[in-house]
Amino acid sequence: MLQQVMQDTLPDAVELVTPPLRAAGGSAPDITAAAPSAAAGSQSTAAGQPRPPYSLREGVGMRRLVKFKVQAGVQLLLVQAASEVYALHYHHMAVPAMVTLADSLQLVAQHARKINTDLQLRRRLAAQQAEDRVQEDRQVPDPPLLRQETEASHAYLSVLLHVSSSKDSKKWPAASEAQRAIGASHRLVQLAYVVLERFSLGADSNNQQQQQQQQPYSNGGTPRGSSSKAAL
């Protein structure tokens, strides 16, 4: 049940920047009339990608934006609830329930990480929100699911560390069985690789941004104010 709820509430950032598909055998609803200003500039957005023919500030676009933010909030609550349930009741939980809980936390962390590391998606979303002049308090932050990734990864790591370091006792006689069923040691190694890869991607993206900012100067351009400094 927990895993299904987490699956059903995964926020879809792609939906915010992707034009709606036409239904099979029919046509897409005419939503351009409801947002003429968005339709006029809907040919392209960041990186030349087509954007939806509506504004994220009103109508269909605003409903999609609100849906994303609500689902992101629900995900945070589910992660916090799962973490607290484990901390308080792990010694009473059946082993299959522990496996489901670990899988659910991993699912949320992986989904959030996938969205947060998609630089093209993030650029398109930021550009569209700016173009549509979405109010600051209603905007999706960048990265879109950083809190979800952080909270889910932390909760997932806590569960794995506790399970892998526990031994059979009167309080928790099924500790060894839980270790084998969850595969805690193997999952810890996988998570360590994922975290290292995540930091590597972050470093690469920062280097790319710095190179793009420095590129005009490397082509012989002169930064603003340099002529006056040279004269001095």
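Only a predicted model underlies this, so the values are computations on that prediction, with no experimental measurement involved.

A. Region of interest: the pattern of salt bridges. Under the criterion given, the structure shown has 4 salt bridges. Two residues, Asp-103 and Arg-187, come together in a salt bridge whose shortest N-O distance is 2.6 Å. Placement of the pair is Asp-103 in helix α5 (residues 95-116) and Arg-187 in helix α9 (residues 184-218), with a sequence separation of 84 residues. Using a relative accessible area of 22% as the deciding quantity, one classes Asp-103 as partly exposed. Of the charged contacts in the structure, one is a salt bridge between Arg-122 and Asp-142, with a shortest N-O distance of 2.6 Å.

B. Local environment of the nonpolar core. Counting residues in each nonpolar core, the largest one holds 27 residues, and the members touching the most others are Tyr-86, Met-98, Leu-105, Val-163 and Trp-172. Those elements that place two or more of their residues in this core are α4 (59-89), α5, α7 (146-165), α8 (175-182) and α9. Top element by residues in this core is α5. It accounts for 7 residues. Formed by 14 residues, the second largest nonpolar core is a distinct cluster that contains Ala-72, Ile-115, Val-134 and Leu-145.

C. Layout of the confidence of the model for the chain. This prediction gives the chain a mean pLDDT of 80; 73% of its residues lie at or above 70. When the criterion is pLDDT under 50, residues 216-232 qualifies, and its contacts beyond four places in sequence or with other chains add up to 3 contacts.

D. Geometry of the packing of α5 against α8. The N-to-C vectors of α5 and α8 enclose an angle of 45°; their axes lie 9 Å apart at closest approach. Classified by the angle their axes make, α5 and α8 are oblique. Both α5 and α8 take part in a crossing whose hand is right-handed. Here Val-95, Met-98, Val-99 and Ala-102 of α5 lie close against α8, whose contacting residues are Glu-177, Ala-178, Ala-181 and Ile-182. Taken together, the residues of the contact of α5 with α8 sort by class into 7 nonpolar, no polar and 1 charged.

E. Examining the environment of Leu-101 more closely. When you line up the elements, Leu-101 lands in helix α5. Judged by its relative accessible area of 5%, Leu-101 falls in the buried class. As a C-alpha pair, Leu-101 and Val-85 span 16 residues in sequence and 9.5 Å in three-dimensional space. Ignoring anything within four residues of it in the chain, the contact list for Leu-101 reads Leu-2, Ala-82, Tyr-86, Met-93 and Val-159.

The rules behind each value
- Think of each chain on its own: its residues are numbered from 1, step by step along the sequence as written.
- A pLDDT threshold of at least 70 governs which residues receive local features in this predicted model, and a stricter bar of 80 or more applies before side-chain atom pairs are shown or counted, although totals over entire chains, interfaces and linings include all residues.
- Calculated side-chain values reflect all of the structure's heavy atoms, with hydrogen atoms and water omitted.
- When a carboxyl oxygen of Asp or Glu lies within 4 Å of a side-chain nitrogen of Lys or Arg, that pair is called a salt bridge.
- Strands are runs of DSSP state E lasting at least 2 residues, helices are runs of H or I lasting at least 4, and numbering of each runs from the N terminus.
- Relative accessible area decides the class of each residue, using a 1.4 Å probe on protein chains only: under 20% of the type maximum gives buried, over 50% gives exposed, and in between gives partly exposed.
- We define a nonpolar core as any set of buried Ala, Val, Leu, Ile, Met, Phe, Trp, Tyr and Cys residues linked to one another through side-chain atoms lying within 4.5 Å.
- The predictor attaches a confidence to each residue, and that confidence, scored 0 to 100, is pLDDT.
- By definition, residues are in contact when any of their heavy atoms lie within 4.5 Å.
- In this analysis an axis means a line fitted to C-alpha atoms, helices contributing only their contacting stretch, and an angle means the value between N-to-C directions, from 0 to 180 degrees.
- Any angle from 65 to 115 degrees is called roughly perpendicular, while one under 35 is roughly parallel, one over 145 is roughly antiparallel, and all others are oblique.
- The crossing is said to be left-handed when, going from far helix to near helix, the turn is anticlockwise and less than a right angle, and right-handed when the turn is clockwise.
- Residues are grouped as follows: Ala, Val, Leu, Ile, Met, Phe, Trp, Tyr, Cys and Pro are nonpolar; Asp, Glu, Lys and Arg are charged; all remaining types, including Gly, are polar.

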